[in-house]
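One letter stands for each residue in the lines below.
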Amino acid sequence: MSELLSILRGVVLFQDLADQDLKEVAQRITRRTFRLGEYLFRAGAARTELMMIQSGEVEIFQGVGEVQKTVARLGEGNFIGEGAMLGDEPYGTSCRAVVDTTVLALERRAIDEIFGRSPDAARKMLSQVARVMAYRLTYASYGHLGAAVPALLGGRHRLEHDLLGEREVPADAYYGIQTLRAVENYDITGIPLGHYPQFIRALAMVKKACARANHKLGDLDNDIADAIGAACDEIIAGNLHTQFVVDMIQGGAGTSTNMNANEVIANRALEILGHSRGEYDFIHPNNHVNMAQSTNDVYPTAIRLAILLSYEPLTKAMSDLAYELKQKSVEFSDAIKMGRTQLQDAVPMTLGQEFDAFRVTVKEDIQRIRNAVDLFKEINLGATAIGTGITAKPEYSSLAIEELARISGVELVPAANLVEATSDMGAFVLFSGVLKRVAVKISKICNDLRLLSSGPRTGFNEINLPPMAPGSSIMPGKVNPVIPEVVNQVAFQVIGNDLTVTMAAEAGQLQLNVMEPVIAFNIFQSLKMLTQAINTLTQRCIKGITANRERCRQLVEHSMGLVTALNPYIGYENSTRIAKKALDTNRSVAELVLEEKLLTREQLEEILKPERMTAPRV
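Residues numbered from 1 in each chain as written. Predicted model: local features only at pLDDT ≥ 70, side-chain atom pairs only at ≥ 80, totals over all residues. Heavy atoms only, no water.

Draft legend 1. View of the pattern of salt bridges. Enumeration according to the criterion identifies 42 salt bridges in this entry. For glutamate 271, the salt bridge goes to arginine 268, with nearest N and O atoms at 2.8 Å. With a gap of 3 residues between them, glutamate 271 and arginine 268 both fall in helix H8 (residues 255–272), about one helical turn apart. Under the relative-accessibility criterion, glutamate 271 is labelled partly exposed at 23%. The residue lysine 337 makes a salt bridge to glutamate 462 at a minimum N-O spacing of 2.8 Å. Here lysine 337 is found in strand E11 (residues 336–341), whereas its partner glutamate 462 is found in the loop between helix H15 (426–452) and strand E15 (463–464), with 125 residues between them in sequence. What makes lysine 337 buried here is its relative accessible area of 1%. By relative accessible area, glutamate 462 is classed as buried at 0%. (Salt bridge = Lys/Arg side-chain N within 4 Å of Asp/Glu carboxyl O. Helix = DSSP H or I, 4+ residues; strand = E, 2+ residues; numbered from the N terminus. Buried < 20%, exposed > 50% of the residue type's maximum accessible area, 1.4 Å probe, protein only.)

Draft legend 2. Focus on the sheet that holds strand E3 (residues 49–55). Spatially, the 4 strands line up as an open sheet ordered E1-E8-E3-E6, and their pairing is antiparallel. With partners counted over all chains shown, the strands left at the sheet margins are strand E1 (30–34) and strand E6 (79–80), one partner each. Both E1 and strand E8 (residues 101–107) contribute to a ladder of 5 bridges, which runs antiparallel. Bridge pairing links threonine 33 to threonine 102 in E8. (Pairing = 2+ DSSP bridges.)

Draft legend 3. Local environment of helix H10 (residues 295–310). For H10, spanning 16 residues, the distance from its first C-alpha to its last is 21 Å, which sits close to the expected 22 Å at 1.5 Å a residue. Burial of H10 is extensive: 15 of the 16 residues sit out of reach of the surface. Where H10 begins, the side chain of serine 294 points an oxygen toward the backbone nitrogen of asparagine 296, at a separation of 3.0 Å. (Expected span 1.5 Å × (residues − 1). Polar contact = N/O pair within 3.5 Å; in protein donor to acceptor, adjacent residues only side chain to side chain.)

Draft legend 4. Just the packing of aromatic side chains, in detail. Across all of its chains, the model carries 9 aromatic pairs by this definition. Pairing phenylalanine 41 with tyrosine 91 gives two aromatic rings, centres 3.8 Å apart and planes at 5 degrees, and the pair type is stacked. Highlighted residues: phenylalanine 41 in strand E2 (residues 39–41) and tyrosine 91 in the loop between E6 and strand E7 (94–97), separated in sequence by 50 residues. Here phenylalanine 41 and tyrosine 91 have matching classes, each one buried. Between tyrosine 196 and phenylalanine 524, the ring centres sit 5.5 Å apart and the planes meet at 40 degrees, which makes this aromatic pair tilted. (Phe/Tyr/Trp six-rings, centres within 6.5 Å; stacked < 30°, edge-to-face > 60°.)

Draft legend 5. Local environment of the packing of helix H6 (residues 197–216) against helix H13 (residues 396–408). Where H6 meets H13, the closest approach of the two axes is 8 Å, and the angle between their N-to-C directions is 130 degrees. With respect to H13, the element H6 is oriented oblique. Between H6 and H13 the crossing geometry is right-handed. Contact with H6, carried on its side by Met205, Val206, Lys208, Ala209, Cys210, Arg212, Ala213, Asn214 and Lys216, involves Tyr396, Leu399, Ala400, Glu403, Leu404, Arg406, Ile407 and Ser408 of H13 and no other residues of that element. Of the residues that constitute the contact of H6 with H13, the class distribution is 10 nonpolar, 2 polar and 5 charged. (Axes fitted to C-alpha atoms, helices over the stretch in contact; angles between N-to-C directions. Parallel < 35°, antiparallel > 145°, perpendicular 65-115°, else oblique. Left-handed = near helix turned anticlockwise from the far one by under 90°. Contact = heavy atoms within 4.5 Å. Nonpolar A, V, L, I, M, F, W, Y, C, P; charged D, E, K, R; others polar.)

Draft legend 6. Representation of the state of the cysteines within the structure. In total, this model carries 0 disulfides according to the counting rule given. Unpaired in this structure, cysteine 541 has its nearest cysteine sulfur neighbour in cysteine 446, at a distance of 7.0 Å. Classification of cysteine 541 as buried rests on a relative accessible area of 1%. The thiol of cysteine 552 is not disulfide-bonded; the next cysteine sulfur, from cysteine 541, is found 16 Å away. (Disulfide = S-S within 2.5 Å.)

Draft legend 7. Unusual backbone geometry, seen in detail. Backbone torsion omega between glycine 455 and proline 456 reads 5 degrees, so that peptide bond is classified as cis. With respect to the element layout, proline 456 can be found in the loop between H15 and E15. Phi is positive for asparagine 586, which is not a glycine, with a value near 60 degrees. With respect to the secondary-structure elements, asparagine 586 resides in the loop between helix H20 (572–585) and helix H21 (589–595).

Draft legend 8. Main features of the side chain of serine 453. By the element assignment, serine 453 lies in the loop between H15 and E15. Within the structure, the side chain of serine 453 is placed 3.3 Å from the backbone oxygen of arginine 450, a separation counted as a polar contact. Residue contacts for serine 453: discarding those within four places in its chain leaves Asn461, Ile463 and Leu465.

Draft legend 9. Examining the nonpolar core more closely. If you look at the biggest cluster of nonpolar residues, it comprises 121 residues, and the most contacted ones within it are Phe199, Phe431, Leu449 and Leu537. Take this core: its biggest share by element is 12 residues, from H15. Look past the residues within four positions of phenylalanine 431 in its chain and what remains in contact with it is Ile307, Ile369, Ala372, Val373, Phe376, Ile523 and Leu527. Core analysis: the second largest hydrophobic core is formed by 26 residues, Val11, Ile29, Met85 and Leu104 among them. (Core = buried A, V, L, I, M, F, W, Y, C linked by side-chain atoms within 4.5 Å.)

Draft legend 10. Region of the structure containing the environment of aspartate 221. Take aspartate 221: it is sitting in the loop between H6 and helix H7 (222–236). On the basis of relative accessible area, aspartate 221 is assigned to the exposed category, the value being 53%. Note: C-alpha distance between aspartate 221 and alanine 211 (10 residues apart in sequence) is 9.7 Å.

Draft legend 11. Region of interest: the confidence of the model for the chain. When pLDDT is averaged along the chain, the result is 89; 94% of the residues meet or exceed 70. Low pLDDT, under 50, characterises residues 140–153; the stretch is placed with 47 contacts to residues that sit more than four places away or in other chains. (pLDDT = per-residue confidence, 0-100.)

Draft legend 12. Structural context of the pairing of E11. Inspection of the sheet shows E11 paired to strand E12 (residues 344–350) by 5 bridges, in the antiparallel sense. Considered in E12, the bridge of lysine 337 is made with methionine 349. Counting the residues that bridge the hairpin from E11 to E12 gives 2 residues, and of these glutamine 342 lies at a positive phi of roughly 55 degrees.

Draft legend 13. A look at the environment of methionine 529. Relative to the assigned elements, methionine 529 resides in helix H17 (residues 516–540). Considering only alpha carbons, one finds methionine 529 and glutamine 493, 36 residues apart in sequence, at a separation of 8.8 Å. Not counting chain neighbours up to four residues away, the residues in contact with methionine 529 comprise Val490 and Gln493.

So, in C-alpha cells, the structure goes:
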C-alpha cells in the first residue's frame, strides 16, 4: 500500500489530497497491463475509467485506418480519461500502448463514491483537472507543438529559469525554457523547425562536430562529449524531431532555433548519462552543447548544410521529368502540327520537337543548381558572434569544420574571411534565383500544356492530358488541367519566395543579417514545394499525355502558316495570293494549291512530310 500511495502522490491529479482520501483512492485502484499495440480505449466508446500510467508509454491519436494523427505520447506519471470524473460521454480520441504498459485504473463508479463521501477530494481533484485543461488551452493556439508537449495532458512540469525568470516546462519535454518562450513569442506560420528534417539533422551534425572539436581541444569532458554525440546521433537518425517546435520565422537571427537544439540535445544527453531532464548542473545547453559557438555561426552553417543535404531530390525530379519529356518527344516525332508565335500560326513543326524543347529547358538547369549549391560548401563555423572567433580557441574553427565534413559526408571549407561570411547572404540570393528560374520554366511548360489541351471541342485540342478529377460542380463532363494548374501555383509561390529572400538579404546591417530565419524558411519551402510539384507533374500528367494526330494535321492543312512551307516551291507572289484567298474563303491552303494546279498532289504530299516541313530545306 505504501508503494502505491507513493506512486499516486507523483500524479498531479492526487497531489493535494488528504491522506485519508488518497488511501481510499488507493484501495479502489486496479492495476492493468496492456501489451504493445493493445488499445486502452477507442474513439466513440463511453468513458468508464480514469487511468494513471505507472510504467510504459501510450499514444493518443485521432482518425482511423491510415488516416491517423498523433495527439500525444504519454509516459509514466501522466493520467488519461479524466472525463470519466464528469460523465460517460464517449472518447473523442483513441489510445494504444506503444510499449508494454502498466496503468492504475479507477472506475467511474468508484470515483462517484469517493466524491460522495469527500466533497473536499472532489474539489481538489477537479481543481487539478481544471488547471491542466487551462494549461492545455494556453498552448492550444500553438498547434504545431503537436505531440511535443505530452506532459500537457497530465499536467506534470519542471521548473527552469533563464535571464527573464522561472517558468514551468512540460516535464516530458526535451526542449527547455528558452524554446518555450520562443513558441509563445513566434506563433507566426504554424510551421515548426521539425517540418524540415534535413535542417534538424544538419543542426545535430553541427552540434556533434563542435562537441568533438571541443573534446579534442581538452575543453569538454569525455563523458559529456560522448553523451552529446550520442544525442546528436539519435536526432540525425530521425528521432526527437517533434521536439523542435519553434516557428520557422522568428526574431533574434535564429537564436531560438539554436537554443531549441541546445536544450533538446542537453536533455537527451542528460538521460544518456542517467540524469533527469532539466538537471543542467551536469550538462548545460549553453555551457556544454553551445561551447565555443554562437547562433551567428551555427545557424547559417546548419542552413547551408541542410541545403547541401536537400537539393538532390530536386535535381532527380528534374532528371525524371526530362526523361519522360524525351519519351514523349520520341513518341510524337511523327505528329505534324502548327508552331505558333504570339499565339498566331507560324510554321509547321512536330509535336515531338515541341516536347524535346521542353526537355532541354528542364535539363539544362540541373547543372546550374549544382553549381549554385557549391557556394554553400564555404561556411563560417568558428566565427562565433561576428567573425572574430571570440570565446573559441584558434584551432577550433578548422577542427570543427573537419569534423562536420566527416560527420555529414559533405566537402566543406572555411570561409576566407569570417567577418564577411557572417553577414553575407549572397549565396542564398543566387541559389534562390536559380530556383526561381526553374519555377518560371516549369510554369511556362504548364501554360503550354494547358493551351495545347484546351477545348476539347473549341480549343487547340492537340494533346490530351490524363483526366485526374471531375472539373466542375455544375458542368457535367468537364475535366480541367488540374495538375498543370497546381504546378503553376507552386511556381508563383517560389517566385514570391525569391523576392522575399532578396529583400531579406538586402536588409542585413553591419556584422549580421538578422533576417536569416525568413531566408531559410523560404528556400526550404521552395526546395520542397518545387520538388513535389515537378514529381507530380511528371507522374500525374506528362506520362499520360497522348497526341491528337489528326487534329494536329488538320490544323496544319488549314493554317495560313502552311504557305511559308510552300513558298520555296510556288513563289512569294503565288503564296501571298493563296494565303489571302484562303483567308477570305475559309478554304485550306492545300486545297487552293491543288485547285490552281500550282503543285500536284504527289508533290504536295512530299513537301508536307514531317521531315521536309520541320527541318532546314535540303
